[in-house]
Amino acid sequence: MLSYQHIYHAGNLADVQKHALLAWTLAYLTRKDKPLSYIETHAGRGLYQLDAAEAVKTGEAEQGITRVLADHGLAADHPLHHALTETRNQHGGAAYPGSPLVAASLLRPGDALHFAELHPQENAALRAALRPWKAKVHQQDGFELAMSLAPPTPRRGLILIDPSYEIKTDYARIPGIIGQLHKKWNVGIIALWYPILKDGAHTQMLTALEAQGLPGALRHEVSFPPVRDGHRMIGSGMFVVNAPYGIEDEAARLSALFEGISRK
């Protein structure tokens, strides 16, 4: 959707869950001295300023990453903390890395990075944000990019599927897309983020995904209070195919963190 801009939601609690799991996975993959591919289907602008009028207007970052940091909910040695610190050292104390900068800050010169973003202004901002890294930014449909690249070179790696779900048919399309991606790239880690809304729009999608019997599947969901009256999102989830060893421990740590947030 060309109308969607993530600056209104950057750094919210859903981002904390998504980016913590993403950062942990990338840190795990880079323990081996073997190159990998990283693909992202809906990249956004990559770099956000949480003191921007759009972010301040919704208050989602204040109830998200700002609150988590104030409560010491992100250890100093966590890879997401590393990405956040590096971003703020370069762009100021209000900066927040979207998933493209989380990935770029944790990956290595020999790794291949591909990002899709259709929105012209977001795409231009993403190119600027990624200029220090050797990354390929594509202005095309992210699902089409994923299919055209799979299996990528290097073959080892991860794809993050993170649509806005403003296009309601995404819920129905995604299980088939993930099934096809896995057939083409059976060793790839496929990570899908999804919102948990009051109407339960995600449930049929997850049922269809789980029915495929995809290998090494992890489903992790967290709940949190609506950030304001009338806000429909009450949680978020990640569904990971070929989930790496040990990610269950990170998921459990995040679950405990979010349970603590919900009690306050």
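Structure: see above.
Below is a summary of the structure that appears in this document. In this convention, every chain numbers its residues from 1, walking through the sequence in written order. For a predicted model such as this one, the threshold for reporting local features is a pLDDT of at least 70, and the threshold for listing and counting side-chain atom pairs is 80 or more; totals across whole chains, interfaces and linings nevertheless cover every residue. Note: side-chain values were computed over all heavy atoms of the structure, leaving out hydrogens and water.

**Observations regarding unusual backbone geometry**
In step 1: Residue proline 151 follows alanine 150 across a cis peptide bond; omega there is -5°.
In step 2: Note on placement: proline 151 falls in the loop between α7 (142-149) and β6 (157-161).
In step 3: In this model, threonine 153 is joined to proline 154 through a cis peptide bond whose omega is 0°.
In step 4: A run of H or I in DSSP becomes a helix once it reaches four residues, and a run of E becomes a strand once it reaches two; helices and strands are each numbered from the N terminus. On the secondary structure map, proline 154 appears in the loop between α7 and β6.
In step 5: One non-glycine residue, histidine 72, lies in the positive phi region at around 55°.
In step 6: Within the fold, histidine 72 resides in the loop between α3 (65-70) and α4 (79-91).

**Observations concerning the side chain of histidine 138**
In step 1: By the secondary structure assignment, histidine 138 is in strand β5 (residues 136-138).
In step 2: Histidine 138 gets classed as buried once you look at its relative accessible area, which sits at 18%.
In step 3: Only heavy atoms enter the contact rule, under which two residues are in contact if any of them lie within 4.5 Å. Setting aside anything within four residues of it in sequence, one finds histidine 138 in contact with His114, Phe115, Ala116, Glu117, Asn123 and Leu145. Burial classes follow relative accessibility: with a 1.4 Å probe on protein chains only, a residue under 20% of its type's maximum area counts as buried, one over 50% as exposed, and anything between as partly exposed.

**Describing the pattern of salt bridges**
In step 1: Whenever a carboxyl oxygen of Asp or Glu lies within 4 Å of a side-chain nitrogen of Lys or Arg, that contact is scored as a salt bridge. Enumeration over the complete set of coordinates arrives at eight salt bridges.
In step 2: Among the ionic pairs, aspartate 162 bridges to lysine 18, the shortest N-O distance being 2.7 Å. On the criterion of sequence distance, the pair formed by aspartate 162 in the loop between β6 and α8 (170-184) and lysine 18 in helix α1 (residues 13-29) is long-range, its members being 144 residues apart. Take aspartate 162 and lysine 18: they sit in the same class, and that class is buried.
In step 3: Between arginine 173 and aspartate 170 there is a salt bridge whose closest N-O contact spans 3.9 Å. Note that arginine 173 and aspartate 170 are positioned in helix α8 at a spacing of three residues, about one turn of the helix.
In step 4: Take arginine 173: its relative accessible area is 39%, and that puts it in the partly exposed class.
In step 5: Residue aspartate 170 is classed as buried on the basis of its relative accessible area of 4%.

**Some words on the packing of α8 against helix α9 (residues 203-211)**
In step 1: Every angle, taken between N-to-C directions, lies between 0 and 180 degrees, and every axis is a line fitted to C-alpha atoms, over only the stretch in contact when it is a helix. Axis separation between α8 and α9 bottoms out at 8 Å; the angle between their running directions is 15°. As summarised for this structure, α8 and α9 are arranged roughly parallel, according to the angle between their axes. Like other packed secondary-structure pairs, α8 and α9 cross with a definite hand, here right-handed. Each of Tyr171, Ile174, Pro175 and Ile178 in α8 lies in contact with α9, whose residues at this interface are Met205, Ala208 and Leu209.
In step 2: Along the lines of polarity and charge, the residues of the contact of α8 with α9 split into seven nonpolar, no polar and no charged. Angular relationships are summarised with four words: roughly parallel below 35 degrees, roughly antiparallel beyond 145, roughly perpendicular across 65 to 115, and oblique for the angles in between. Take the far helix as the reference: if the near one is turned anticlockwise from it by less than a right angle, the crossing is left-handed, and if turned clockwise, right-handed. Note on residue categories: nonpolar means Ala, Val, Leu, Ile, Met, Phe, Trp, Tyr, Cys or Pro, charged means Asp, Glu, Lys or Arg, and polar means any other residue, Gly included.

**Observations regarding the layout of surface pockets**
In step 1: Computed from the structure, the second largest pocket encloses a volume of approximately 160 Å³.
In step 2: Of the grid points, spaced at 1 Å and generated over the protein atoms alone, those admitting a 1.4 Å probe that cannot get out make up cavities, while open sets with protein on both sides within 12 Å along at least five of seven lines make up pockets; any residue with an atom within 4 Å of a point is treated as lining. For the second largest pocket, the lining is made up of 13 residues, of which Leu13, Gln63, Pro225, Pro226 and Val227 are closest to its centre.
In step 3: In terms of residue class, the lining of the second largest pocket is made up of seven nonpolar, three polar and three charged. Grid points are joined across faces, edges and corners, and a volume is the space filled by probe spheres set on the points.

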